[in-house]
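Here's the letter readout for the chains.
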Amino acid sequence: AELEKMKLSKRDEYVVNVTGGTKIMSLAIYQFFIEYKKSKIIYLPIQSNLYTELHPERIDKTFTYQIGVEEYLRCHRIPISNRSLMNRLISTDPDYTRSFFAAFTQGVFKNFKGYKILEALRFFKDNNRPIPIQRIAGLKEFLETIQFPLQKKGKLSLPEKQYLIGGWFEEYIYTFIKSNLNLLDHQIGTGVIIKSGTVQNEFDVVFTYNNTLYVIECKTGLTKIRDFNNTIYKLGALDESLGSDAKAFLFSLSNYRTKDTQQKDSRYYDRAIQNNVAVLDRSEILEKNGIKNFIDKIK
């Protein structure tokens with residue numbers, strides 16, 4: 001009835017998307033527009049990079065246009081607060097980040113108390129000023145051992161501190177995904193700050209592939225149930241602002257397995273499943289082709 005009130009001209013061409021709405025609404029709109037000879041009626045299958053033209057003839061077509069991160073979020077009326085920084089890495093040497101990842105995950109840091117030194121750095125995470133290296137026992141020797149490229153002798157800048165306490169993992173995942181999916185700068189970002197309503201959140205890695213948005217939180221250590229749940233809730237809330245098409249992941253270098261059977265611990269995974277968040281824990285990330293398997297699944 002409402003469409004009839006509009007008195008649409010049958011001489012004009014109409015492109016009608018019947019994907020949204022209820023089934024009855026979609027059928028009603030379809031039935032109305034097939035009377036218009038120049039109308040095209042299309043349907044977009046969920047989680048697919050193609051659309052089906054239902055009228056005037058049924059045919060499947062693949063999207064050739066690839067949307068970027070900022071454009072995707074803008075379509076949902078969500079602005080990026082730090083768009084000029086979303087591709088700026090702390091380390092400009094991907095090889096160094098790969099070696100840091102290997103050393104951390106293979107337990108190399110145990111030999112010189114590296115883990116304890118990195119944990120001590122976390123007490124200064126809210127300090128925005130450079131940290132004198134002598135403030136932390138063993139830090140000078142640790143940085144020399146890992147050949148960390150200090151910008152200023154004797155001090156750690158805020159970005160350098162952020163890199164050491166976990167930024168390296170974000171940058172490793174960012175670089176790995178960007179390289180393996182051949183993404184352009186506008187299709188991926190790291191440390192992306194978005195604002196939805198009055199809530200502002202930062203996400204470690206955000207990228208688009210085949211016009212689907214992927215959001216990844218990267219954690220080098222996340223074992224406390226409360227902290228785990230807070231991260232899951234933060235990722236799960238994306239459904240409210242971006243819809244179910246957006247995919248949320250937690251990449252963690254902690255193990256979420258039971259001690260006896262090494263099966264997935266339901267205390268963690270049940271909560272993640274309830275919030276539509278997929279989890280890759282240490283065992284999955286470090287297995288042969290672990291992150292590559294994640295990429296292969298979304299191709």
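First things first, this report covers the structure right here in the doc. Predicted model only: the values in this text are computed from it and were never measured. (Residues numbered from 1 in each chain as written. Predicted model: local features only at pLDDT ≥ 70, side-chain atom pairs only at ≥ 80, totals over all residues. Heavy atoms only, no water.)

Looking at the side chain of Glu217
Residue position: Glu217 is located in strand β9 (residues 212-219). Once residues within four sequence positions are removed from consideration, Glu217 is found in contact with Glu202, Phe203, Asp204, Thr231, Lys234, Leu235, Phe249, Leu250 and Phe251. (Helix = DSSP H or I, 4+ residues; strand = E, 2+ residues; numbered from the N terminus. Contact = heavy atoms within 4.5 Å.)

Re the sheet that holds strand β2 (residues 39-43)
Read across the sheet, four strands follow the order β1-β2-β3-β4 without closing on themselves; strand pairing throughout is mixed. Looking along the sheet, the strands with just one partner apiece sit at the ends: β1 (14-17) and β4 (59-62). This sheet shows a mean twist of 30 degrees between the axes of neighbouring strands, independent of strand direction. In terms of strand pairing, strand β3 (residues 50-55) meets β4 through four bridges, oriented antiparallel. (Pairing = 2+ DSSP bridges. Axes fitted to C-alpha atoms, helices over the stretch in contact; angles between N-to-C directions.)

Re helix α10 (residues 266-274)
Every buried residue belonging to α10 is among Tyr268, Tyr269 and Ala272, and all of these are buried. In a view along the axis of α10, the buried residues occupy a sector of 85 degrees, so they form one face of it. Looking at α10, the residues exposed on the side facing more than 90 degrees away from the buried face are Arg267 and Gln274. Where the residues of α10 are buried, they touch α8 (225-236), β11 (277-280) and α11 (282-286). (Buried < 20%, exposed > 50% of the residue type's maximum accessible area, 1.4 Å probe, protein only. Arc of directions from axis to C-beta.)

Comments concerning the sheet that holds strand β7 (residues 188-196)
Spatial strand order, β7-β8-β9-β10-β11: five strands in an open sheet with mixed pairing. Looking along the sheet, the strands with just one partner apiece sit at the ends: β7 and β11. Pairs of neighbouring strands in the sheet enclose a mean axial angle of 35 degrees, with direction left out of account. In the packing of α8 onto the sheet, contacts are made with β8 (199-209), β9, β10 (247-252) and β11, and the angle to β10 comes to roughly 155 degrees.

Let's talk about the pattern of salt bridges
Tallied over the full model, the rule gives 16 salt bridges. Among the ionic contacts, a cluster of salt bridges with common partners joins Arg257, Lys264, Asp281 and Glu284. (Salt bridge = Lys/Arg side-chain N within 4 Å of Asp/Glu carboxyl O.)

Here's the deal with the layout of surface pockets
The calculated volume of the largest pocket comes to roughly 1500 Å³. Every residue lining the largest pocket is counted, 39 residues in all, and those nearest its centre are Arg122, Ile165, Gly166, Glu170 and Lys219. For the lining of the largest pocket, the secondary structure elements donating two or more residues are α5 (114-121), α7 (158-180), β7, β8, β9 and α8. Considering each element in turn, the lining of the largest pocket owes the most residues, eight residues, to α7. Within the lining of the largest pocket, the residues separate by chemical class into 13 nonpolar, twelve polar and 14 charged. Forming the walls of the second largest pocket are 21 residues, and the residues nearest its centre are Leu44, Ser48, Tyr72, Asn211 and Asp245. Residues belonging to the lining of the second largest pocket are distributed by class as follows: nine nonpolar, eleven polar and one charged. (1 Å grid on protein atoms, 1.4 Å probe; cavity = no way out; pocket = protein on both sides within 12 Å on 5 of 7 lines; lining within 4 Å. Points joined across faces, edges and corners; volume = space filled by probe spheres on them. Nonpolar A, V, L, I, M, F, W, Y, C, P; charged D, E, K, R; others polar.)

Re the packing of aromatic side chains
Enumeration over the complete set of coordinates arrives at 33 aromatic pairs. Consider the rings of Phe207 and Tyr214, whose centres lie 4.9 Å apart with planes at 10 degrees: the pair is stacked. The residue whose ring lies beneath Lys234 is Phe203, and the NZ or CZ to ring-centre distance is 5.0 Å. (Phe/Tyr/Trp six-rings, centres within 6.5 Å; stacked < 30°, edge-to-face > 60°. Lys NZ or Arg CZ within 6 Å of the ring centre and 35° of its normal.)

Details of the packing of helix α4 (residues 94-105) against α7
Helix-helix packing: each pair is described by the crossing angle between the helix axes and the interaxial distance. Contact geometry of α4 with α7 gives a least axis separation of 9 Å together with a crossing angle of 115 degrees. By the angle between their directions, the pair α4 and α7 is classed as roughly perpendicular. Crossing of α4 over α7 shows left-handed handedness. Contacts between α4 and α7 involve Pro94, Tyr96, Thr97, Arg98, Phe100, Phe101 and Phe104 from the first element and Tyr163, Leu164, Trp168, Phe169, Glu171, Tyr172 and Thr175 from the second. (Parallel < 35°, antiparallel > 145°, perpendicular 65-115°, else oblique. Left-handed = near helix turned anticlockwise from the far one by under 90°.)

Digging into the environment of Leu235
One can find Leu235 in helix α8. For the pair Leu235 and Glu217, spaced 18 residues apart in sequence, the C-alpha to C-alpha distance is 8.0 Å. For Leu235, the residues in contact, after removing those within four places along its chain, are Phe203, Val215, Glu217, Ala248, Phe249, Leu250 and Val277.

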